[in-house]
Amino acid sequence: MAEKSVLPQREHFLIIEDDKGRQEILLQEPTYSLGRSHDCDIRLRSQFISRHHATLYRRIREDGSSYYSIVDGDREGKRSVNGLLINQTKIKQASHDLQDGDEIVFGPQVFAIYQYRQRDKFPTLPSNDPFDITLIDPAMMDYDDDTKEYD
């Protein structure tokens with residue numbers, strides 16, 4: 001019997017806590033703007049957040065894997081008023097390469113956790129195994145109480 005190979009699937013997430021609660025965002029785009037403005041890709045809901053507080057950029061390593069880098073401010077280089085704290089340290093450089101578990105503080109009671117998750121995904125190709133069977137739960141069958149048989 002041939003074994004099905006497991007394909008790893010890697011996903012980037014940003015879990016945000018702000019004045020309106022918690023939201024989990026799957027990161028798939030090459031660039032995201034974060035801030036309180038309605039035209040930001042990811043809205044941070046607090047009066048203490050700049051209109052365009054930060055920008056996320058997807059980067060590709062030599063091995064083909066990706067990661068996200070965060071920049072304080074908008075795409076034109078204008079920095080936010082409060083800046084960013086990453087893992088309780090104020091960032092002073094132009095950008096910070098995010099690592100799994102990094103905590104980003106944007107302002108009072110507004111923060112995010114960056115997560116890089118890997119999960120195993122089984123291929124959905126049909127099996128050519130003649131002995132591959134699907135098990136059926138007996139509760140799914142119609143049972144006739146009079147004849148004591150399944151239909």
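Keep in mind that this is a model prediction, so the values were computed, not measured. (Residues numbered from 1 in each chain as written. Predicted model: local features only at pLDDT ≥ 70, side-chain atom pairs only at ≥ 80, totals over all residues. Heavy atoms only, no water.)

Trainee: It is not clear to me how the sheet that holds strand S9 (residues 95-97) should be interpreted in this structure. Could you clarify?
Mentor: Neighbouring strands of a sheet are bound in pairs by backbone hydrogen bonds; such pairs are parallel or else antiparallel. Strand order across the open sheet formed by 5 strands is S4-S3-S5-S6-S9, with mixed pairing between neighbours. Lying at the two open borders of the sheet, with one neighbouring strand each, are strand S4 (42-43) and S9. Relative to strand S5 (residues 54-60), strand S3 (residues 31-35) runs antiparallel, the two sharing 4 bridges. Considered in S5, the bridge of Ser33 is made with Thr55. (Pairing = 2+ DSSP bridges. Helix = DSSP H or I, 4+ residues; strand = E, 2+ residues; numbered from the N terminus.)

Trainee: Help me out: how do you make sense of the pattern of salt bridges in this one?
Mentor: In a structure, side chains of opposite charge can pair up when their charged atoms sit close to one another. Tallying each qualifying case throughout the model produces 5 salt bridges. Among the ionic pairs, Asp41 bridges to Arg75, the shortest N-O distance being 3.2 Å. Taken as a pair, Asp41 in the loop between S3 and S4 and Arg75 in the loop between strand S6 (66-72) and strand S7 (85-86) lie far apart in primary sequence, 34 residues in all. On the accessibility criterion, Asp41 (44% relative accessible area) is partly exposed. The salt bridge partner of Arg79 is Asp72, with a shortest N-O separation of 3.2 Å. A residue is classified by how much of its surface remains accessible, and Asp72, at 5% relative accessible area, is buried. (Salt bridge = Lys/Arg side-chain N within 4 Å of Asp/Glu carboxyl O. Buried < 20%, exposed > 50% of the residue type's maximum accessible area, 1.4 Å probe, protein only.)

Trainee: Got a minute to help me understand the side chain of Ser69 in this structure?
Mentor: For Ser69, the position within the fold is in strand S6. Given a relative accessible area of 1%, Ser69 falls into the buried group. Polar side-chain contacts of Ser69 include one of 3.4 Å to the backbone oxygen of His96. Setting aside residues no more than four positions away along its own chain, Ser69 makes contact with Thr55, Leu56, Tyr57, Arg59, Ser95, His96, Asp97 and Leu98. (Polar contact = N/O pair within 3.5 Å; in protein donor to acceptor, adjacent residues only side chain to side chain. Contact = heavy atoms within 4.5 Å.)

Trainee: Please explain the nonpolar core as it appears in this structure.
Mentor: A general tendency of soluble globular proteins is for nonpolar side chains to be buried together. In this structure, Leu14, Leu27, Leu56, Ile70 and Phe106 are the most contacted members of the largest nonpolar core, which totals 22 residues. Per element, the largest residue contribution to this core is 3 residues, and it comes from strand S11 (residues 110-121). (Core = buried A, V, L, I, M, F, W, Y, C linked by side-chain atoms within 4.5 Å.)

Trainee: Help me out: how do you make sense of the packing of aromatic side chains in this one?
Mentor: For any pair of aromatic rings, the description consists of the separation of the ring centres together with the inter-plane angle of the planes. A complete count under the given rule lists 1 aromatic pair for this structure. The interplanar angle of 50° and the centroid separation of 6.3 Å between the aromatic rings of Tyr32 and Tyr68 together place this pair among those described as tilted. Of the two residues, Tyr32 sits in strand S3 while Tyr68 sits in strand S6, which places them 36 residues apart along the sequence. Of the two residues, Tyr32 and Tyr68, neither departs from the other in class, the shared state being buried. (Phe/Tyr/Trp six-rings, centres within 6.5 Å; stacked < 30°, edge-to-face > 60°.)

Trainee: Please clarify how the pairing of S5 should be interpreted in this entry.
Mentor: Along any regular strand the residues' side chains alternate between the sheet's two faces. Here S5 runs beside S6; their pairing, made up of 7 bridges, is antiparallel. The residue bridging Leu56 from the neighbouring strand is Ile70, located in S6.

Trainee: Please explain the side chain of Ser33 as it appears in this structure.
Mentor: Summarising the element assignment, Ser33 is placed in strand S3. With residues up to four places along the chain from it excluded, the contact list for Ser33 reads Asp39, Cys40, Asp41, Ile42, Ala54 and Arg75.

Trainee: Would you explain unusual backbone geometry in this entry?
Mentor: The phi torsion of most residues other than glycine is negative, and most of the peptide bonds are trans. For Asn87, which is not glycine, the phi torsion reads 55° and is therefore positive. Following the sequence through the fold, Asn87 ends up in the loop between S7 and strand S8 (89-90). Exposure remark for Asn87: the relative accessible area of 38% places this residue in the partly exposed category.

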